Amino acid sequence: MLEKKKQPSLAQLLENKLPKHLLSTLPHVADFVGDIGIVEIPSKLERYKNVIGEAILQTNKNLQTVLAKAGAVSGPYRLREFTAIGGVPKTETVHSEYGCRFHVDVARAYFSPRLSHEHDRIASLVQEGESVVDLFAGVGPFAVMIAKRRQTARVYAVDINPEAIALLKKNIRLNRVYGKVHPILGDARQVVSSRLADVADRVIMNLPETAIEFVDAGCRALKPEGGILHFYSFTTASHSLENIKNVFVEAVEKNGRKVDQFLYCRSVRETAPHEHQVVLDARIL
Ligand SMILES: C[S@@+](CC[C@H](N)C(=O)[O-])C[C@H]1O[C@@H](n2cnc3c(N)ncnc32)[C@H](O)[C@@H]1O
C-alpha cells in the first residue's frame, strides 16, 4: 500500500530560510476568513514576513491569500489595516458559517470569524414573527442568519459604514433573504429616532467599545411593552462583568426602562490577556 506523503510543517518549510532561533516564534494563522488567512507577525520576524506568508500558503492548501495584521482595530467603522504577505493580494472573499455565506472585505467592513458561535446563538433565540433591530450590523452575520432560519422574522440592520451596507446588500441576495432583512445606512441613534422607535422585540448591540453610549437608542427601538437587549462590552482586570451589569442597569433606568432579568451574561471570546468580549442578554420592561 502506498503511504500518504506527510505534509511538511511551517517550521520545516522555513528551516533554511530563517535563523534557527526564530523558528520557534513562527505564528499560527490567527483567523481563517473564507480563503484568506490572517496572521500576526511578531516584530522580530517582520523582515521574513513574505517568506512566511508563502510558506503558510503551502501548508494550507485552501488559502489563496495570507494577510498580516498591520495595526489595531480602530475608528468608527472598527477596521484594521493589513499587509498582503502571500498569494493573491486581496482583502475580499466569501466566508461560510452555519449554513450562511457572506461577502466580506476585511479591510473595508468589520467581520470576525471568532463571533460565529455568537451569531449562531443569537439567531437560535429568535422566534418566528419577531421584529429584530441590529443596531451595528456590519456585513450582516446576525441579521442574515436570523432571516435565513426564521421565515417570518423581520430584521432591520443598521450600520454607519457604507461599505458594510453594500456588502450586507450582497449578502441578502447571496442568502436569498430579500424582503426579510432591511439594510439601513446611518447612525444607530438617528435611525432609531427617525424610523425604528417602538418596533423591536429584540435589539442587538454589538459595538462593544461604545455600546453603553447607545443604550438610549436600544431602549427606544424596543416595543413599549419591552423586549430583549443583547448588549456587548469588554471586561478588563479592573472592569468586571458585575461592573458592566451595574453600569448597564443604570443606563437603562436613565432611559425610563427597567432591567427585568438578566437571561445570560458570559464571555464571548478572549480579546487579550485578561480581557474578554462579553454579552449581556437582558429582558427590558
Ligand atoms: C464590532 S462591528 C460588529 C459588526 C457585526 N455585528 C458583526 O458581528 O460582525 C460594529 C459595527 O458598528 C458600526 N458602527 C459604528 N458606529 C456606529 C453608529 N453610530 N451607528 C451605526 N453603526 C455603527 C461599524 O461600522 C461596525 O460595522
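Sequence positions are assigned chain by chain, starting from 1 and proceeding in written order. Local features in this predicted model are restricted to residues whose pLDDT is 70 or higher, and side-chain atom pairs enter the listing and the counts only when it is 80 or higher, whereas totals over whole chains, interfaces and linings include all residues. Hydrogens and water molecules were not included; the side-chain quantities draw on all heavy atoms of the structure.

A. Highlighting helix α4 (residues 141-149). Burial status follows relative accessibility: with a 1.4 Å probe on protein chains alone, a residue under 20% of its type maximum counts as buried, one over 50% as exposed, and anything between as partly exposed. Secondary structure counts use DSSP, requiring at least four H or I residues in a row for a helix and at least two E residues in a row for a strand, with both numbered from the N terminus. By the criterion of burial, α4 is predominantly enclosed, with 7 of the 9 residues buried. Listed in full, the buried residues belonging to α4 are P141, F142, A143, V144, M145, I146 and A147.

B. Representation of the pairing of strand β10 (residues 202-205) within the structure. Burial along β10 is two-sided: R202 and I204 facing one way and V203 and M205 facing the other are all buried. Should DSSP find at least two bridges between two strands, the strands are regarded as paired. When strand β7 (residues 131-134) meets β10, the two strands line up parallel, connected through 3 bridges. Bridge pairing in β10 places V133 opposite V203. Assessed by its sense of winding, the connection that carries the chain from β10 through helix α7 (residues 215-221) to strand β11 (residues 227-235) is right-handed. Look down the strands so they point away from you; if going from the first strand over the helix to the second traces a clockwise path, that crossover is right-handed.

C. Structural context of the sheet that holds β11. The mixed open sheet is built from 7 strands, whose spatial order is β9-β8-β7-β10-β11-β13-β12. Edge positions in the sheet fall to β9 (181-185) and β12 (259-272), since each has one partner strand and no second. When the angles between neighbouring strand axes are averaged without regard to direction, this sheet yields 15°. Where β10 meets β11, 4 bridges bridge the pair, whose relative direction is parallel. Looking at the pairing, V203 lines up with L229 of β11. Angles here are taken between N-to-C directions and fall from 0 to 180 degrees, while the axes themselves are lines fitted to C-alpha atoms, restricted in helices to the stretch in contact.

D. Spatial organisation of helix α5 (residues 162-174). Expected helix span is given by 1.5 Å per residue-to-residue step, counting one fewer step than there are residues. When the terminal C-alpha atoms of α5 are compared, their 18 Å separation across 13 residues agrees well with the 18 Å that a helix rising 1.5 Å per residue should span. Buried within α5 are the following residues: A164, I165, L167, L168, N171 and I172. Seen from one end, α5 has its buried residues packed into an arc of 160°, which puts them on one side. Residue contacts are counted whenever heavy atoms from the two residues lie within 4.5 Å of one another. Looking at the buried side of α5, the elements it contacts are β6 (100-105), α4, β8 (154-159) and β9. Residues adjacent in sequence count toward polar contacts only when both atoms are side-chain atoms; beyond that, a polar contact is any pair of N or O atoms within 3.5 Å, and within protein one must be able to donate a hydrogen and the other to accept it. Here α5 starts with a cap whose side-chain oxygen sits 2.9 Å from the backbone nitrogen of E163, and that cap is N161. The positive-phi residue at the C-terminal boundary of α5 is R176, with phi of around 55°. The arc under discussion is defined with respect to the helix axis, by the directions toward the C-beta atoms.

E. View of the nonpolar core. Each nonpolar core is a collection of buried residues, namely Ala, Val, Leu, Ile, Met, Phe, Trp, Tyr and Cys, held together in the definition by side-chain atoms within 4.5 Å. Counting residues in each nonpolar core, the largest one holds 38 residues, and the members touching the most others are V106, I146, L168, V181, I204 and Y232. Residue assignment for this core shows that the elements contributing at least two residues are β2 (36-39), β6, α3 (116-125), α4, β8 and α5. Top element by residues in this core is α4. It accounts for 6 residues. The split of the chain into domains comes from an automatic or database domain assignment. Counting contributing residues per domain, this core is built from domain 1 (10-90) and domain 2 (111-284), each supplying no fewer than three. When near neighbours in sequence (up to four residues on either side) are disregarded, V181 contacts A143, V144, A147, V155, A157, L168 and I172. Ranked by size, the runner-up nonpolar core spans 33 residues in total, among them F136, V203, C265 and L280.

F. Examining the domain arrangement of the protein more closely. What the domain assignment reports for the protein is domain 1 (10-90) and domain 2 (111-284). Centre-to-centre separation of domain 1 and domain 2, based on C-alpha positions: 32 Å. If you look at the interface, domain 1 gives 7 residues, while domain 2 gives 8 residues. Of the roughly 620 Å² buried between domain 1 and domain 2, counting both surfaces, carbon and sulfur atoms make up 56%. Considering only the side of domain 1, the residues that lose the most area to domain 2 are D31, Y77 and R78, jointly responsible for 66% of the buried surface there. What counts as a salt bridge is simple: a side-chain nitrogen of Lys or Arg found within 4 Å of a carboxyl oxygen of Asp or Glu. Across the domain 1-domain 2 interface, the total number found is 2 salt bridges. Buried area: the accessible area, evaluated with a 1.4 Å probe, that two parts lose upon being put together, summed over both parts.

G. Expanded view of the site of the ligand. The ligand sits among 20 residues. The nearest are H119, F136, D159, D187 and A188. At a separation of 2.7 Å, an oxygen atom of the ligand approaches a polar side-chain atom of D159. The backbone of I160 places a nitrogen or oxygen atom 3.2 Å from a nitrogen atom of the ligand. Methods summary: accessible areas were calculated by the Shrake-Rupley approach with a probe of 1.4 Å, and residue burial reflects only the protein chains presented. Compared with its free state, where it exposes 590 Å², the ligand has 96% of that area covered by protein. Under the grouping applied here, Gly and all other residues not named as nonpolar or charged are polar, the nonpolar ones being Ala, Val, Leu, Ile, Met, Phe, Trp, Tyr, Cys and Pro and the charged ones Asp, Glu, Lys and Arg. Of the residues assigned to the shell around the ligand, the class counts are 13 nonpolar, 5 polar and 2 charged. Here a residue counts as near a molecule or strand whenever at least one of its heavy atoms sits within 4 Å of it.

H. Focus on the pairing of β6. With 5 of its 6 residues buried, β6 lies for the most part within the structure. Sheet topology note: the strand β5 (residues 92-97)/β6 ladder contains 6 bridges and is antiparallel. Across the sheet, E92 pairs through a bridge with D105, a residue of β6. Connecting β5 to the antiparallel partner β6 that follows it, the hairpin turn spans 2 residues, and Y98 within it adopts a positive phi of roughly 45°.

I. Just the sheet that holds strand β4 (residues 82-87), in detail. In space, the 4 strands of this open sheet follow the order β1-β2-β3-β4, with mixed pairing throughout. Each edge of the open sheet is held by one strand with a lone partner, namely β1 (29-33) and β4. On average, adjacent strands in this sheet sit at an angle of 30° to one another, irrespective of strand direction. Packed onto the sheet, helix α2 (residues 49-59) meets β1, β2, β3 (65-69) and β4 and runs at close to 55° relative to β4.

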